Amino acid sequence: MIAVIGASGRSGAALCSALAAAGEAYAPIVRDAAKWAALGFRTAPRIADLRDPELLRAALAGARRVVSCAHARWTSAILAAAPADATLVLMGSTRRFSRWPDAHGDGVRAGEAAFLAGHRPGVMLHPTMIYGAQGEDNVQRLAALLRRLPVAPLPGGGRALVQPIHQDDVTRCLLAALRHPWQRAEAIVIAGPEPLPYRDFLAAVACAAGLRPPPVLPVPGAPLRLLAPLTRLLPGVPRIRGDEVRRLMEDKAFDIGPMRRTLGVTPIPLAEGLARTFAPAP
């Protein structure tokens, strides 16, 4: 049996849908039963809170494989509660490679360190920016912003590299990781097929959303970070945080050779992923 921690989140729900379609037995581990029920799944959940060791241990009882789509900062709690013979598949983030310290990245680094030191067989997958999930706020929020702006003010002119991955590929990686015979604890980056400048990513999102790509206005990063909080005062404009602006100034380009070789997953091109994301609802 597969236990899925964080089953009601975006990646967790996508994985549960894939497991159900494949006829795999799984137990969704959630904190809020009502949120899980609202997603329309028929599988009864197990209720747990990652802050409650005994409740989590009871929810994971009998699991031979444990996959967590919760934040990696909970890794130590999961290691302590999971059955001793269970293989672990954990979600991290490429934020662990950022040179800008923040709570999110620090939590991922701490979780990875605990996992690799624990000598439990399995893998921590570090995805880049995920797009294409139901209700995601990455490209959808960007498209909403582009509808409002006559120009795109980008730090450094948007030359920093990004390598986003579609939710479908994240799900494929999770499924492959669950089936792989891990002998030790490993960490693998999962990302899109190739990096591209953020300005090109922005233009691709605009085109996929049926918009005309706005001209890029190069802006120094420091003043843009100071102005970002003012977006909360503008009606109809998605809120932008200062730390998001800062992350736009560093390259996020990664080698996906291990993803291809070990997991057997070749990610879809960005154009295809964006077409899926903005396809009209059936």
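Quick note: structure is the one above.
Rules used throughout
Residues numbered from 1 in each chain as written. Predicted model: local features only at pLDDT ≥ 70, side-chain atom pairs only at ≥ 80, totals over all residues. Heavy atoms only, no water. Pairing = 2+ DSSP bridges. Helix = DSSP H or I, 4+ residues; strand = E, 2+ residues; numbered from the N terminus. Contact = heavy atoms within 4.5 Å. Axes fitted to C-alpha atoms, helices over the stretch in contact; angles between N-to-C directions. Expected span 1.5 Å × (residues − 1). Buried < 20%, exposed > 50% of the residue type's maximum accessible area, 1.4 Å probe, protein only. Salt bridge = Lys/Arg side-chain N within 4 Å of Asp/Glu carboxyl O. Polar contact = N/O pair within 3.5 Å; in protein donor to acceptor, adjacent residues only side chain to side chain.

(A) Structural view of the sheet that holds strand 2 (residues 26-30). A sheet is described by the order of its strands in space; here seven strands give the open sequence 3-2-1-4-5-6-11, paired in parallel fashion. The open sheet has two edge strands with one neighbour each: strand 3 (46-47) and strand 11 (185-190). Docked against the sheet, helix 1 (residues 10-21) engages strand 1 (2-5), strand 2, strand 4 (65-68) and strand 5 (87-91), running at close to 155° with respect to strand 1.

(B) Structural context of helix 1. Compared with an ideal rise of 1.5 Å per residue, which puts 12 residues at 16 Å, helix 1 spans 17 Å between its outermost C-alpha atoms and is within 8% of the ideal. Of all the residues in helix 1, the buried ones are Ser11, Gly12, Ala13, Leu15, Cys16, Ala18 and Leu19. Gly23 sits one or two positions beyond helix 1 and adopts a positive phi of about 75°.

(C) Looking closely at the pattern of salt bridges. Going through the model one piece at a time under the given rule, you end up with 12 salt bridges. A salt bridge links Arg109 to Asp106, with the nearest nitrogen and oxygen atoms 2.6 Å apart. Pair noted here: Arg109 and Asp106 are both in helix 5 (residues 103-118), with a separation of three residues, about one helical turn. Classification of Arg109 by relative accessible area gives partly exposed; the value is 24%. For Asp169, the salt bridge identified is with Arg172, shortest N-O distance 2.6 Å. Taken as a pair, Asp169 and Arg172 lie in helix 7 (residues 167-179) at a separation of three residues, close to a single helical turn. Of the residues examined, Arg172 reaches a relative accessible area of 35% and is grouped as partly exposed.

(D) Representation of the environment of Ala206. The residue Ala206 is located in helix 8 (residues 198-208) in this model. Each C-alpha atom of the pair Ala206 and Arg147 lies 8.6 Å from the other, and the pair is 59 residues apart in sequence. Apart from the residues within four sequence positions on either side, Ala206 is in contact with Leu146, Leu211, Arg212 and Pro213.

(E) A look at the side chain of Arg96. Mapped onto the elements, Arg96 comes out in the loop between strand 5 and helix 5. Within the structure, the side chain of Arg96 is placed 2.6 Å from the side chain of Glu112, a separation counted as a polar contact. Other than its neighbours up to four places away in sequence, Arg96 contacts Gly105, Val108, Arg109, Glu112 and His126.

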